[in-house]
Amino acid sequence: MSEGAGTDSGYEVVSRWYSGLGGFFTAIAAAVLAFFVGGLVVVATGHDPFAAYKAIFAGTGLNWFFPWVQGDERFSAALDLQQTLIITTPLILTALAVAFAFRCGMFNIGGQGQYFVGLLTALYLGHVFVGMPRPLHVLICCVGAILGGMVWAGIAGFLKAAFGAHEVISTIMLNWIALWVGKYLVELGGWMQGSEPDVPRSYDVADSAKLWPIWGALQPLHAGIFIALFSLLVYHLLLNRTTLGYEVRAVGFNPEAARYGGINVSKNYILAMGIAGAFAGLGGALDILGWKFHQAINDYDVSAVGFVGIAVALLGRNKAVGILFAALLFGALQVGTSPRQLSGTDFPAELATNLSTMIQALIILFVGAELLIVYAWNARRKVGFGGTSPPRVKAQEL
Amino acid sequence: MPDSLALQLEGVTKRFGALVANDKIDLELRRGEIHALLGENGAGKSTLMNVLYGLHKPDEGRMLLDGEEVHIDSPSQAIGMGIGMVHQHFMLIPVMTVAENIVLAAEPTTGPFLDEGTAENRVRDLSERFGLAVRPDARVESISVGMQQRVEILKALYRGAEILILDEPTAVLTPQESSELFEIINSLKSEGKSIIFISHKLNEVLEIADRITVLRRGKTIDTVPREGATEDGLARLMVGRDVILRVDKTKAEPGDPVLSVEDLRVDDERGLECVRGLSFEVRAGEIVGIAGVDGNGQTELIDAITGLRRPRAGRIVVAGEDITRESPRDALDAGVGHIPEDRQVRGLVLDFSLAENIALHDYRQEPDSKYGWLFPKRLIARARELLKEFDVRGGGPATRASALSGGNQQKVIVAREVSRDPSVLVAAQPTRGLDVGAIEFVHRRLVEERDEGRAILLVSFELDEILSLSDRILVIYEGQIVAEYGPDVSEDEIGLTMLGGKKEATAA
């Protein structure tokens, strides 16, 4: 049987195909299916789904890549694409925060809080220093945000390692603490409130701390996108090419075997959570230094990057490349369905943002369903062969 | 008609893609016969039974039940024809009672409700008739594995099984439970049931079966009566070559003590003292076997030596280094190698590739890594060498560990532990669940490592294994060493001390 085969049995090939190309395929299928169901909803509201999706697509600015889009249309496509990429930037980082913790066997729901802590740290550092050369100032802000996110998430890791407190609970609680402390800081005379005592908004970051604009004029795309792309590379290398990543993955797959192998499991929980928080914290820094420049009280309530990051990581299957495309999809969807982009003739304006939320939710649902399918597939094979256990097809790292 | 045929399989072939799992298999089951199906892991035994039970559709061949050709498309059809199966992994619902589980899918009802009383009575009748003592009102989750197996058997009988398939039934049982099971099987036979007994253990097949059919690589090799069959002969049929069941070894030439354990006391998870003042030494170049019934402190002892559990008191010294309260990594660095009891939980990260698994202890050192930077190519190169040297089949360095058979997984672990050149090798149940070919490999390798001058501590519940490998035997009972024997002690004598029957140590 499989023992007799040389190096690669047929199953091996199948399972490799599945985790490689197949994993990619199922993610695409989940997205396509979500858009299809979303289209049915558009039909139910009495609109043409093709026209609606066309308008959404145009709203994302992705049509900028088509050479035949020219003139005014090209100009507005560029504006939209800049928006899409600005939104994509922090999503990449909050998704990495979920993914990295996940590879260590933890579910980090705290991306949102870690993002806020990073954002506020960068805001503070960006405000208090003046007259500093820009590269140095940006660097200080980013490092501060990374450390801030690291400590914030590290608390959850420490609580798990020391007391066995479940990270889902502790990160959710840390989210609320970050949210309300963050709110307090920018209103009612909080330390970070701006000069007008009646306006619940923070001071601005100094010009020397602002990230370099790289494309556009109105609200230009900033250099943070490069930092986000670089973070993807760091994530991949850290996980797959370092002893630290080896330990994190070993603990994530099988803590008992990791311990037997001489790995300190508790240390890895703290470390992996800290690194996860570092990614999210950096995401906050890029937003505040890149285009927000200050934080108002209602910015807290509309922000959901930490939570969308969970969906991005899920769809991207915790892989760097997958996260890149998933973040782009979710970023584009958010921009494309904003009421500003979608006219009432294509889709009811008051429902526009709901459509994007709905499609996001459907994608998560279908990715989740795929896990079920994989489970059923395994169950089917269990009755297959005598004593040899067939290679388990796994939902990629999930 | 004691000799009439209950079941006949003719030329049954089952393919999975390019793989032929069953290749023109013939099998005859007589009425009232215990027929063993013997073969290594992956020889096609379970596939064949799944074909019979309607879980797989055969590609070729005929099945005759009481002389009439039948087609079985689903387990419910198989049950309807009087075929019952007890799977290796039980299909019981833990929160339901024994009676509820047994009558499931054929419940006696009063109106829309389950008639608990009738169900329990029927189960009681059935269990008395076949001598299978169970408590009908006990919840399945609260009864032992051996009991759960009886429930599975009763479930099949309740549904009118005339032919009963038992898929490696002893794999999950203690020796005591196994012998009880054999009594049950014999009483079923005397009631006229026909039994197919799937196994890869030679001794049990010789104990229980009337006839034995051997499968190898999906083919029927031979069917032999028990009379005249020997372990060696069956092993040859199974593996296709001569297998040395006796371990060939020269007399040990022990050197200096490498592992010494002094007055060790270790608690279990509940804080109960499980190792209670235990002392012994293992010298270089000898195999010391620890014999004992499961649960007498063996696990805690191993965990303490390997750093996985912190002892309450005592001293553990490896090659002159005190590692009593050190971490698993310190124990590894001091020269302890460990073949763990549970290879899938502890020994391997199943989702890691073989190369990554082989690096599990050494990934922090050169050449695997430098300054925290890992070199996957070097991991793969080293894995490739070791997989070849240890004859691991079924995958290469990039294959996930979960894709290998149990025997090959164990070879990977042995390769990893031995290649680190440990001064002490702790082997816990090193051959559990392996087939004869793999057992032979592991045993031979342990003796070779002994001859290389390592100190080997073997912990096993299989007395045969202890007796055939050890140069010295220590008997552990309730966390203490109660006796020491030389290699030529009789099985009976050890067996008695294992149960606490004799406490004074006999000098070797």
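Given the structure is predicted, the values throughout are model-derived calculations rather than measurements.

### Description of the overall build of chain A
Turning to step 1, where the next piece is worked out: Scanning chain A for helices and strands turns up 14 helices and two strands.
Turning to step 2, where the next piece is worked out: Buried positions account for 51% of the 398 residues belonging to chain A.
Turning to step 3, where the next piece is worked out: Taking the contacts inside chain A whose residues are at least 6 apart along the sequence as the reference set, 73% of them involve residues at least 24 apart.

### A word on the sheet that holds strand β5 (residues 68-70) of chain B
Residues and elements named next belong to chain B.
Turning to step 1, where the next piece is worked out: The strand order across the open sheet formed by four strands is β2-β1-β4-β5, and the pairing between neighbours is antiparallel. Every other strand in the sheet has two partners, leaving β2 (19-30) and β5 as the edge strands with one partner each. On average, adjacent strands in this sheet sit at an angle of 25 degrees to one another, irrespective of strand direction.
Turning to step 2, where the next piece is worked out: Of the strands in this sheet, β1 (5-16), β2 and β4 (60-65) touch helix α1 (residues 45-52), which is tilted by about 65 degrees from β2.

### Section: the nonpolar core
Turning to step 1, where the next piece is worked out: Core analysis: the biggest nonpolar cluster contains 243 residues, and A95, A272, V312 and I323 of chain A have the highest contact counts within it.
Turning to step 2, where the next piece is worked out: When residues of this core are assigned to domains, at least three map to each of domain 1 (5-239) and domain 2 (257-335 + 422-498) of chain B.
Turning to step 3, where the next piece is worked out: Among residues more than four places away in sequence, those in contact with A272 of chain A are F100, A101, C104, M106, G157 and V248 of chain A.

### Description of helix α4 (residues 111-128) of chain A
Turn by turn, an α-helix covers 3.6 residues, leaving residues three or four places apart pointing in a common direction.
Turning to step 1, where the next piece is worked out: Compared with an ideal rise of 1.5 Å per residue, which puts 18 residues at 26 Å, α4 of chain A spans 26 Å between its outermost C-alpha atoms and is within 8% of the ideal.
Turning to step 2, where the next piece is worked out: Judged by how many residues are buried, α4 of chain A sits mostly within the fold: 16 of 18 residues are covered.

### Considering the pairing of strand β12 (residues 219-225) of chain B
All names here are of chain B.
Turning to step 1, where the next piece is worked out: Note: strand β11 (residues 211-216) against β12, six bridges, orientation antiparallel. Pairing of V214 across the sheet is with D222, part of β12.
Turning to step 2, where the next piece is worked out: The hairpin formed by β11 and β12 contains two residues between the paired strands, and R217 there has a positive phi angle of roughly 45 degrees.

### Section: the sheet that holds strand β23 (residues 472-477) of chain B
Paired through backbone hydrogen bonds, the strands of a sheet run either parallel or antiparallel to each other.
Residues and elements named next belong to chain B.
Turning to step 1, where the next piece is worked out: Taken in spatial order, the six strands line up as β18-β21-β22-β15-β23-β24 in an open sheet, and their pairing is mixed. Bordering the open sheet on either side are β18 (336-339) and β24 (480-485), each of which pairs with just one other strand. Geometrically, the sheet is characterised by an average inter-axis angle of 20 degrees between neighbouring strands, direction not taken into account.
Turning to step 2, where the next piece is worked out: In the sheet, β18 pairs with strand β21 (residues 424-428) via four bridges, with the strands oriented parallel. Note on β21: the bridge partner recorded for I339 is A427.

### Considerations on helix α9 (residues 298-305) of chain B
All names here are of chain B.
Turning to step 1, where the next piece is worked out: In terms of burial, α9 is a largely internal element, eight of the eight residues being buried.
Turning to step 2, where the next piece is worked out: Buried within α9 are the following residues: Q298, T299, E300, L301, I302, D303, A304 and I305.
Turning to step 3, where the next piece is worked out: Residue G307 follows α9 closely and has a positive phi angle near 85 degrees.

### Re the domain arrangement of chain B
Residue and element names in this part refer to chain B.
Turning to step 1, where the next piece is worked out: Each domain of chain B was delimited in the assignment, giving domain 1 (5-239) and domain 2 (257-335 + 422-498).
Turning to step 2, where the next piece is worked out: Taken together, the nine residues of domain 1 in the interface contact five residues of domain 2.
Turning to step 3, where the next piece is worked out: For the side of domain 1 that touches domain 2, the element with the most residues is helix α8 (residues 231-239), which contributes three residues.
Turning to step 4, where the next piece is worked out: When grouped by side-chain class, the residues that make up the side of domain 1 that touches domain 2 number five nonpolar, three polar and one charged.

### Overview of the pairing of strand β10 (residues 194-199) of chain B
All names here are of chain B.
Turning to step 1, where the next piece is worked out: β10 sits mainly inside the fold: six of its six residues count as buried.
Turning to step 2, where the next piece is worked out: The side-chain alternation of β10 yields two buried faces, one formed by S194, I196 and I198 and the other by I195, F197 and S199.
Turning to step 3, where the next piece is worked out: In the sheet, strand β3 (residues 34-38) pairs with β10 via five bridges, with the strands oriented parallel. Paired with H35 across the bridge in β10 is I196.

### Considering the packing of helix α3 (residues 71-103) of chain A against helix α12 (residues 305-315) of chain A
Residues and elements named next belong to chain A.
Turning to step 1, where the next piece is worked out: Where α3 contacts α12, the two axes come as close as 7 Å, and the packing angle between them is 65 degrees. Here the hand of the crossing between α3 and α12 comes out right-handed. Residues P90, L91, T94, A95, A97, V98, A99 and F102 of α3 touch α12, and the partners they reach there are V305, G306, V308, G309, I310, V312 and A313.
Turning to step 2, where the next piece is worked out: Looking at the contact of α3 with α12, its residues break down into 12 nonpolar, three polar and no charged.

### Regarding the confidence of the model for chain A
Low pLDDT marks regions whose predicted coordinates should not be analysed in detail.
Residue and element names in this part refer to chain A.
Turning to step 1, where the next piece is worked out: For chain A, per-residue confidence averages 83 on the pLDDT scale, and 84% of positions sit at 70 or higher.
Turning to step 2, where the next piece is worked out: Averaged over each element, pLDDT in chain A is lowest for helix α1 (residues 10-44) (70) and highest for helix α10 (residues 265-292) (95).
Turning to step 3, where the next piece is worked out: Ignoring residues within four places in sequence, the model shows residues 1-17, a span with pLDDT below 50, making 36 contacts including any to other chains.
Turning to step 4, where the next piece is worked out: Considering only residues more than four positions removed or in separate chains, one finds that residues 381-398, a stretch of pLDDT under 50, has 54 contacts.

### Brief notes about the confidence of the model for chain B
All names here are of chain B.
Turning to step 1, where the next piece is worked out: In this model, chain B carries an average pLDDT of 85, and 96% of its residues clear a pLDDT of 70 or more.
Turning to step 2, where the next piece is worked out: Of the regions scoring below 50 in pLDDT, residues 503-508 engages in 10 contacts with residues more than four places distant in sequence or in other chains.
Turning to step 3, where the next piece is worked out: Predicted complex, confidence summary: ipTM 0.77, pTM 0.74.

### Some points on the environment of I72 of chain B
Turning to step 1, where the next piece is worked out: Tracing the backbone through its elements, the reader meets I72 of chain B in the loop between β5 and α2 (75-80).
Turning to step 2, where the next piece is worked out: Judged by C-beta crowding, with 22 C-beta atoms within 10 Å, I72 of chain B ranks as buried.

### Here we look at unusual backbone geometry
Residues and elements named next belong to chain B.
Turning to step 1, where the next piece is worked out: Look at the link from E366 to P367: it is a cis peptide, with omega at 0 degrees.
Turning to step 2, where the next piece is worked out: Along the chain, P367 turns up in the loop between α12 (354-358) and β19 (369-370).
Turning to step 3, where the next piece is worked out: Even without a glycine there, the phi angle at E168 is positive, about 40 degrees.
Turning to step 4, where the next piece is worked out: The residue E168 is located in the loop between β9 (163-167) and α6 (175-190) in this model.
Turning to step 5, where the next piece is worked out: In this structure E168 comes out as buried when scored by C-beta crowding, with 22 C-beta atoms within 10 Å.

Criteria and cut-off values
Residue positions within a chain follow its written sequence, with the count starting from 1. The naming scheme follows written order: chains are lettered A onward, ligands numbered 1 onward. In keeping with the predicted nature of the model, local features appear solely for residues at pLDDT of at least 70, side-chain atom pairs appear and are counted solely at 80 or more, and the whole-chain, interface and lining totals rest on all residues. Secondary structure follows DSSP: runs of H or I at least 4 residues long count as helices, runs of E at least 2 residues long count as strands, and numbering of each begins at the N terminus. Exposure classification rests on a simple neighbour count of other C-beta atoms within 10 Å of a residue's own: a residue reaching 20 or more is buried, one at 12 or fewer is exposed, and one in between is partly exposed. C-beta atoms are placed from the backbone. Think of it this way: build a C-beta for each residue from its backbone, and any pair within 7 Å is a contact. Should DSSP find at least two bridges between two strands, the strands are taken to pair. Axis lines are fitted through C-alpha atoms, for helices just across the contact stretch, and the angle between N-to-C directions can take any value from 0 to 180 degrees. Each nonpolar core consists of buried Ala, Val, Leu, Ile, Met, Phe, Trp, Tyr and Cys residues. Their C-beta atoms, within 7 Å, join them into a set. By convention here, the domain bounds are inherited from an automatic or database domain assignment. Expected helix span is computed as 1.5 Å times (number of residues minus one). The residue classification treats Ala, Val, Leu, Ile, Met, Phe, Trp, Tyr, Cys and Pro as nonpolar and Asp, Glu, Lys and Arg as charged. All others, Gly included, are polar. Crossings are classed by handedness, with left-handed meaning an anticlockwise turn of the near helix from the far one by less than a right angle and right-handed meaning a clockwise turn. Values of pLDDT, ranging from 0 to 100, describe the predictor's confidence in every residue of the model.

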